[in-house]
Amino acid sequence: MDSSSGLAWTNRFADLGPDFFTELPAQGLPDPHWVAQSPDCAQLLGLPADWAARPDALAAMSGNTPWPAMRPLASVYSGHQFGVWAGQLGDGRALWLGEVDTPAGPLELQLKGAGRTPYSRRGDGRAVLRSSIREFLCSEAMAALGVPTTRALCITGSRLPVIRESVETAAVVTRVAPSFIRFGHFEHFAHHDQLDALRRLANWFIAHHAPDCADAPEPVVALLRKVALQTADLVAHWQSVGFCHGVMNTDNMSMLGLTLDYGPFGFMDGFDPGHVCNHSDDRGRYAYARQPAVAFWNLHALAQALLPLLPIDTDQDAEASGERLLEAVEAYRDRFAGQMLARLRAKLGLEGEDGGDQALADDFLKLMAASRADFTQSFRRLSRALTQPEPLRDLFIDREALDAWLLRWRARVTPGAQARMLAVNPAVVLRNHLAEGAIRAAQQGDFTEIERLLKVLGRPFDEPALPSDAALPPDWASTLEVSCSS
Ligand code: AMP
Ligand code: MG
C-alpha cells in the first residue's frame, strides 16, 4: 500500500527487464494547475471522491513529484505507420507509472506529455492542452458508449509554451488501461531478431492479460486469434457509432482490443463512407470505410511478428506455422461481419435474424450517404420514426427513396423497437465542434465546459438538457481540421 495514494501498486511490466523499457523520471509541468478529472475513472481506480484535493495529487499527475510507489518508465516499440515500416518508435511522451490493484484487476497508469524519453526522436515529449482535452473527453465518452477504450483520469495544465502550428500550452493526461501493450511492441522484437525477448513478451502477455490462451496447444496462435476477435469487435463498434480513429498505425493498435491513442479522431457528422478525419492522411488510408480492412492488415503485421515463435525446424514446419497464424487472423473476417450485422440490427431495432437484414441496413446507409445525412441523428431519428417520421425525413434529400425504405423497415420491425433503438443509438457523441467549444474556453482559462461535456457524454443515450449538444453541427464545424499535430 502506498501511503500517499492509498492505493496498492505493482508494476508487472517492469518485471520484464531493461530490454523493454528505460526507467526515467517525468519532466513535470512548471506551476501546474488542474484542468479536469473524471470521477468515473477515479472510482474505477478506487480513489476517494476528494482525491484531487489532496496536495500531492496535482504534483503527481503533472509529473512533478511521483507518489512513492510509482516507478516511471518509457517502453520501446516499433510499428507500421501508414502502411510503411517506421522502425523504432516507443513511448516518446508517455510514461508508465505502474499498476493499481482494483476489484476489476490491475490497471496501469500512464502520464502522457510529461517530457522527453529515449524514444522521443525529434519530439518535445509534450502534449498540448487542445489534444489532451480531446483525448480526455473522448476516452470517457467512448467508455460511456460501451466501446472498449483506454480511460482518462485527469488533465493537468501549465503556462509552459509548446510549439505546434502555433504556440500552445502544455498539459498532461493521465490515462488508464489494463495494459498499454500494442501490436508494435511485438513487431519491435521480431524486427530486431530479439527472439528471446519476443518470447518473454508473449509469455508475459499471455500470463497476465490472456490467461485463457495459456493452456491452448499453441498459446501464441490462441493469442493471435483472441486479438483478432477482440479487434473485430472493436472496429464493428467504431463503425456502428461513426467513429474514425484517424491513425490506425500498428503502434496504435492495442493488444487488448481497446481504442488507443486519441489523436486526429472524429465522429462523423454527415455520413460519407470515404470520410477521412485526419487532415494529414492525404491518401485516405484511414477513411471510415477502410477501417475494417486496415485492422485486418494490422493483424497480419502482428502475425508476422509472432511467426518466429512457432516451429520452423523443417520447411513443412515453417509452412504449417504460417498457415496456423493466418487462420487465426482469418477469424477476424467472420467475427467482424457477424458483429457488424448484429450492431446494425440493433440500431435498426430488428429482433431475431432475417436473411434480408444486411440489405436493409446497407440500403439505409446508402441513402444516408447519398444525402450526407448526419450519422448520429439519422439513427436517433429513425428510432422514433415509427411514430414521428418527419424529423428523419428532414435529413434526406431523396424522400421518396427514404419512404420506400421505411415501408420495408416497418414491415420488419417489431413492437418495442423505439425503446430498444434509443438505448443503442446515442443522442450525443463527441463531435469536433463540441470538443472545440471546450478547448476554446479552456484556452481562456475556463474549464467548466470540459466538466459539463464530460457529464453529458457520460449519458450518451439520454436526451441532453441542452438540445445543442445533440443537434446537427453548426456551419463553422465544417471548417474544423484535425491533424496529427498534438
Ligand atoms: P502518434 O502518431 O501520436 O501515435 O505517435 C507516433 C510516435 O511519435 C510515438 O512513438 C510517439 O511517442 C511519438 N510522439 C508523438 N508526438 C510526440 C512528441 N510531442 N514528443 C515525443 N514523441 C512524440
Ligand atoms: Mg501512438
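Here, residues in each chain are numbered from 1, in the same order as that chain's written sequence. Each chain is given a letter, starting from A, and each ligand a number, starting from 1, according to the order in which they appear as written. With the structure being a predicted model, the display of local features is reserved for residues of pLDDT at least 70 and the display and counting of side-chain atom pairs for 80 or more, all residues being used for whole-chain, interface and lining totals. In computing side-chain values, all of the structure's heavy atoms are included and hydrogens and water are not.

### What to know about the environment of Ala74
Secondary structure counts use DSSP, requiring at least four H or I residues in a row for a helix and at least two E residues in a row for a strand, with both numbered from the N terminus. Of note, Ala74 is situated in strand S4 (residues 73-75). Residue burial is assigned from relative accessible area. The probe radius is 1.4 Å, only protein chains are included, and a residue is buried under 20% of its type maximum, exposed over 50%, and partly exposed in between. Here Ala74 falls in the buried class, since its relative accessible area comes to 0%. In the structure, Ala74 is positioned 197 residues away from Phe271 in sequence and 39 Å away in space, judged by C-alpha atoms. By definition, residues are in contact when any of their heavy atoms lie within 4.5 Å. Residue contacts for Ala74: discarding those within four places in its chain leaves Phe20, Phe21, Thr22, Leu24, Asp91, Ala94, Leu95, Thr117 and Tyr119.

### A short note on the pairing of strand S11 (residues 167-177)
Across the 11 residues that make up S11, a large majority, 9, are buried. Pairing of strand S8 (residues 107-112) with S11 involves 5 bridges; the strand directions are antiparallel. By the bridge assignment for S11, Leu111 is matched with Thr174. Whether two strands pair comes down to DSSP finding at least two bridges between them. With 2 bridges connecting them, strand S9 (residues 127-128) and S11 associate as antiparallel partners.

### Points about the environment of Gln194
As for its placement among the helices and strands, Gln194 is situated in the loop between helix H4 (183-191) and helix H5 (195-209). Judged by relative accessible area, Gln194 falls into the partly exposed class, the value being 28%. Spatially, the C-alpha atoms of Gln194 and Asp19 are 9.4 Å apart, while their sequence positions differ by 175 residues. Residue contacts for Gln194: discarding those within four places in its chain leaves Asp19, His188 and Phe189.

### Overview of the nonpolar core
When a protein is soluble and globular, its nonpolar side chains tend to lie buried together. Grouping buried Ala, Val, Leu, Ile, Met, Phe, Trp, Tyr and Cys residues that are joined through side-chain atoms within 4.5 Å yields what is termed a nonpolar core. Judged by nonpolar contacts, the single largest core of 128 residues is most densely connected at Leu137, Phe186, Leu348, Phe364, Leu382, Trp409 and Leu430. With 13 residues, the single largest contributor to this core is helix H6 (residues 219-241). Either an automatic procedure or a domain database provided the assignment from which the domain bounds are taken. The residues that make up this core include at least three from each of domain 1 (13-180) and domain 2 (352-413). Non-local contacts of Leu137, meaning those with residues more than four positions away in its chain, are made with Leu430, Ala438, Ile450, Leu453, Leu454 and Leu457. If you look at the next biggest cluster of nonpolar residues, it comprises 29 residues, including Trp9, Ala52, Met70 and Val128.

### Observations concerning the site of ligand 1
Here, proximity means that at least one heavy atom of the residue falls within 4 Å of the molecule or strand. Around ligand 1 sit 17 residues in total, of which Gly90, Gly92, Arg121, Gly125 and Asn252 are the nearest. Side-chain atoms alone can form a polar contact between residues adjacent in sequence; in general such a contact is a pair of N or O atoms within 3.5 Å, and within protein one must be able to donate a hydrogen while the other accepts it. One nitrogen or oxygen atom from the side chain of Arg121 is found 2.9 Å from an oxygen atom belonging to ligand 1. A distance of 3.4 Å separates a nitrogen atom of ligand 1 from a polar atom in the side chain of Arg164. What sets the accessible areas is the Shrake-Rupley method with a 1.4 Å probe; for residues, cover comes only from the shown protein chains. Expressed as a share of its isolated accessible area of 480 Å², the protein-covered part of ligand 1 is 81%. Grouping the constituent residues of the shell around ligand 1 by class yields 2 nonpolar, 7 polar and 8 charged. Residues are grouped as follows: Ala, Val, Leu, Ile, Met, Phe, Trp, Tyr, Cys and Pro are nonpolar; Asp, Glu, Lys and Arg are charged; all remaining types, including Gly, are polar.

### Focus: H4
In terms of residue burial, H4 counts as a mostly covered element, since 8 of its 9 residues are buried. Those residues of H4 lying buried are Phe183, Gly184, His185, Phe186, Glu187, His188, Phe189 and Ala190. One or two positions beyond H4, positive phi appears at Asp193, with a value near 55 degrees.

### Comments concerning the environment of His33
Relative to the elements of secondary structure, His33 occurs in strand S3 (residues 33-37). For His33 and Ser158, which are 125 residues apart along the polypeptide, the C-alpha to C-alpha distance reads 6.2 Å. Beyond its immediate sequence surroundings of up to four residues, His33 is in contact with Leu58, Thr156, Gly157, Ser158 and Phe447.

### With respect to the domain arrangement of the protein chain
In many reports, interface size means the accessible area that the parts give up when they come together. We note that the domain assignment places domain 1 (13-180) and domain 2 (352-413) within the protein chain. The C-alpha centroid of domain 2 is placed 41 Å from the C-alpha centroid of domain 1.

### Quick notes on unusual backbone geometry
One non-glycine residue, Asp261, lies in positive phi territory at about 70 degrees. With respect to the helices and strands, the residue Asp261 is situated in the loop between strand S12 (243-244) and strand S13 (266-267). Assessed through its relative accessible area of 15%, Asp261 is described here as buried. Even without a glycine there, the phi angle at Arg372 is positive, about 45 degrees. Looking at Arg372, the relative accessible area reads 46%, which means it is partly exposed.

### Observations concerning helix H7 (residues 291-306)
Compared with the 22 Å implied by 1.5 Å per residue over 16 residues, the 23 Å span of H7 between its first and last C-alpha is a close match. Of all the 16 residues making up H7, 12 are buried; the element is thus mostly covered by neighbouring parts of the structure. Restricting attention to buried positions, one finds in H7 the residues Gln291, Pro292, Val294, Ala295, Phe296, Asn298, Leu299, Ala301, Leu302, Ala303, Ala305 and Leu306. Here the expected length of a helix is defined as 1.5 Å per residue gap, with one fewer gap than residues.

### Considering the state of the cysteines
Two cysteine sulfurs form a disulfide in these notes if their separation is within 2.5 Å. Counting across every chain of the model gives 0 disulfides. The thiol of Cys41 is not disulfide-bonded; the next cysteine sulfur, from Cys154, is found 8.3 Å away.

### Observations concerning the pattern of salt bridges
What counts as a salt bridge is simple: a side-chain nitrogen of Lys or Arg found within 4 Å of a carboxyl oxygen of Asp or Glu. One pass over the full model with this rule turns up 32 salt bridges. In this structure, Arg71 and Glu23 form a salt bridge, with 3.0 Å as the shortest nitrogen-oxygen distance. Here Glu23 lies in strand S2 (residues 21-23) and Arg71 lies in the loop between helix H2 (55-61) and S4, a separation of 48 residues in the sequence. Between Asp469 and Arg452 there is a salt bridge whose closest N-O contact spans 2.8 Å. With Asp469 in the segment after helix H15 (448-457) and Arg452 in helix H15, this pair connects stretches of sequence that are 17 residues apart. By relative accessible area, which is 2% here, Asp469 ends up buried. For Arg452, a relative accessible area of 26% corresponds to the partly exposed category. Each of Lys112, Glu135, Arg175, Arg182 and Asp261 takes part in a single network of salt bridges with overlapping partners.

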